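Next come the chains, spelled out residue by residue.
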Amino acid sequence: MFKIFETRTKEECMCDKYKQLMHRAYKVALTDKEESDRLNAKARKILNELQRMEYDKIDH
């Protein structure tokens, strides 16, 4: 009924964090390559963790 009452799993939260980091890395890449690489590295760690947990709903 209302999404505000639904609880989210740890995997869903991590997936959202991954998406946010990749989006920020893409935007920052135009101005700051080092910052973009740092954000990509953080996102890759989250992606690896999700794959290790066998979470299959990741939007690459």
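Residues numbered from 1 in each chain as written. Predicted model: local features only at pLDDT ≥ 70, side-chain atom pairs only at ≥ 80, totals over all residues. Heavy atoms only, no water.

S.K.: Please set out the pattern of salt bridges residue by residue, giving values where relevant.
M.R.: Evaluated as defined, the whole model comprises four salt bridges. Among the salt bridges present, the one from D37 reaches K33, with a minimum N-O distance of 3.0 Å. On the criterion of helical spacing, the pair formed by D37 and K33 is a turn pair, its members being four residues apart in helix α2 (residues 33–52). Using a relative accessible area of 35% as the deciding quantity, one classes D37 as partly exposed. The class for K33 is exposed, based on a relative accessible area of 57%. (Salt bridge = Lys/Arg side-chain N within 4 Å of Asp/Glu carboxyl O. Helix = DSSP H or I, 4+ residues; strand = E, 2+ residues; numbered from the N terminus. Buried < 20%, exposed > 50% of the residue type's maximum accessible area, 1.4 Å probe, protein only.)

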